[in-house]
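Fold and geometry: a report
In case you want the letters, here they are:
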Amino acid sequence: MNPEHTNLLYFSPTSTTQTIIKEIAKGIGKNVSSALDITKPEIRNLSAPEFVDDLVLIGAPVYGGRLPKDAADYFKAIKTSGSLAVLIVVYGNREFEDALIELKNIAMDCGFIPLAAAAFIGEHSFSNNEFSIAMNRPDKKDLEKAFAFGKQIKNLLGQFKNPADLAPVDVPGNFPYKEGKQLGPLSFIDVTDDCDSCGICITACPKNAIDETDTYATIEKDCIFCCACIKACPQQARIIKTGPIKDKAKWLSENYALRKEPQTFLAG
Ligand SMILES: Cc1cc2nc3c(=O)[nH]c(=O)nc-3n(C[C@H](O)[C@H](O)[C@H](O)COP(=O)(O)O)c2cc1C
Ligand code: SF4
Ligand code: SF4
């Protein structure tokens, strides 16, 4: 099979999903025709694309064992005919539970033929110097695996003439999916006096949840706890305050310290 174009499409507030998806694409070795980053709310407000006879790599982080709602809602609106999908979820070394099967089911409902799938590990959104969870991942070893997975996809494309000959890739997970847990609304960020009002956190936020006129104020009802603002702040002025999210970070760092490895799946 020789898809017309290779396209990337991802939601990635702290960039780990983006890093993995780009490395897989390098391994596939075809020119990337488009890379659609749907992290920014302005992009998600545009109508979703239509793909015809393409290869599309679709990625999102795992939130509570599921896809983030903003990503799932956008993916559901994609239209396609005859396109192959590579499905990628990235999780913070706890579990990915039903996120990959949710992504597969959405992709199939859109009309994709799922060719390959993977669950990679990225630094947990709640990770910091105090409570480290999969810190600095994806690392060199993860990126080598992502590249090698891309090469396997390239080989698989060479083995089949017609997408209809493929049985969709099998992935772990259950349906009905585990129930998505609501973490908030909750005030979980403190802004210290080191803030110089540069506004970088405002640009980094995928939900427009930081007041443009007051960077100290988070609009709690819109916040998805992605921590993009915290990780983007050059002054380290945004911190997770004492409370349930900090407790969760401590619990994760104590209970999920053992390194997990990426899992990859190919269609037969
Ligand atoms: C609200 C929330 C829920 C999360 N739930 C999970 C989870 O269920 N399992 C897990 O291992 N990691 C979980 N994570 C961590 C992210 O999946 C992980 O940090 C991922 O690398 C973030 O991707 P990104 O860098 O593309 O934003 C969660 C993060 C957030 C913000
Ligand atoms: S990125 Fe940091 S320093 Fe800049 S406005 Fe936001 S909190 Fe303040
Ligand atoms: S304010 Fe909330 S949604 Fe916006 S970047 Fe920060 S943690 Fe993410």
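As a starting point, this report considers the structure included with it.

The rules we used
- Once a new chain begins, its residue numbering starts again from 1 and follows that chain's sequence as written.
- Starting at A for chains and at 1 for ligands, labels are handed out in the order in which the entities are written.
- Since the coordinates come from a predicted model, pLDDT governs what is reported: local features require at least 70, and pairs of side-chain atoms require 80 or more to be given and counted, while whole-chain, interface and lining totals use all residues.
- Only hydrogens and water are removed before side-chain values are computed, so all heavy atoms of the structure are retained for them.
- Only heavy atoms are used to decide nearness, and a residue is near a molecule or strand if one of them lies within 4 Å of it.
- We call Asp, Glu, Lys and Arg charged. Ala, Val, Leu, Ile, Met, Phe, Trp, Tyr, Cys and Pro are nonpolar, and the rest, Gly among them, are polar.
- Here, nonpolar core refers to any group of buried Ala, Val, Leu, Ile, Met, Phe, Trp, Tyr and Cys residues whose side-chain atoms link them within 4.5 Å.
- Partly exposed residues are those whose accessible area sits between 20% and 50% of the maximum for their type, while under 20% is buried and over 50% is exposed, using a 1.4 Å probe and protein chains only.
- In this text, helices come from DSSP runs of H or I with a minimum length of four residues, and strands from runs of E with a minimum of two, each type numbered from the N-terminal end.
- Note on contacts: a residue pair is in contact if any heavy atoms of the two residues lie within 4.5 Å.
- Two strands qualify as a pair provided DSSP detects at least 2 bridges between them.
- With axes taken as lines fitted to C-alpha atoms, and helix axes fitted only over the stretch in contact, angles between N-to-C directions fall between 0 and 180 degrees.

What surrounds ligand 3 is the set F188, C205, P206, I210, T218, C223, I224, F225, C226, C227, A228 and C229. Per-class residue counts for the shell around ligand 3 are 11 nonpolar, one polar and no charged.

All right, on to the nonpolar core then. In this structure, I24, L57, F75 and L115 are the most contacted members of the largest nonpolar core, which totals 61 residues. Elements with a contribution of two residues or more to this core: β1 (6-10), α1 (16-28), β4 (55-61), α3 (69-76), β6 (84-91), α4 (99-110), β7 (113-121) and α5 (140-159). If sequence neighbours within four positions are ignored, L57 has contacts with T6, N7, L8, L9, I21, I24, A25, I28, V86 and I88. Of all hydrophobic cores here, the second largest spans 24 residues; its members include F131, A209, C229 and I240.

Okay, the pairing of β4 next. Across a regular strand the side chains alternate sides, sitting on one face of the sheet and then on the other. With respect to burial, β4 is a largely interior element, seven of its seven residues being buried. A two-sided burial pattern is seen for β4, the buried positions comprising L55, L57, G59 and P61 on one face and V56, I58 and A60 on the other. As paired elements, β1 and β4 share five bridges and run parallel to each other. Within β4, the position partnered with L8 by the bridge is L57. Note: β4 against β6, seven bridges, orientation parallel. Directly across from G59, in β6, lies its bridge partner I88.

Ordered by their spatial adjacency, six strands build an open sheet running β2-β1-β4-β6-β7-β10, and the pairing between neighbours is mixed. Taken across any chain shown, the strands that pair with only one partner, and hence form the sheet edges, are β2 (32-37) and β10 (263-266). Strand after strand, the sheet turns through a mean of 15 degrees between neighbouring axes, direction not considered. Its contacts with the sheet place α4 against β4, β6, β7 and β10, and it is angled at close to 155 degrees to β6. Against the sheet, α5 contacts β4, β6, β7 and β10, and its axis sits at roughly 170 degrees relative to β7.

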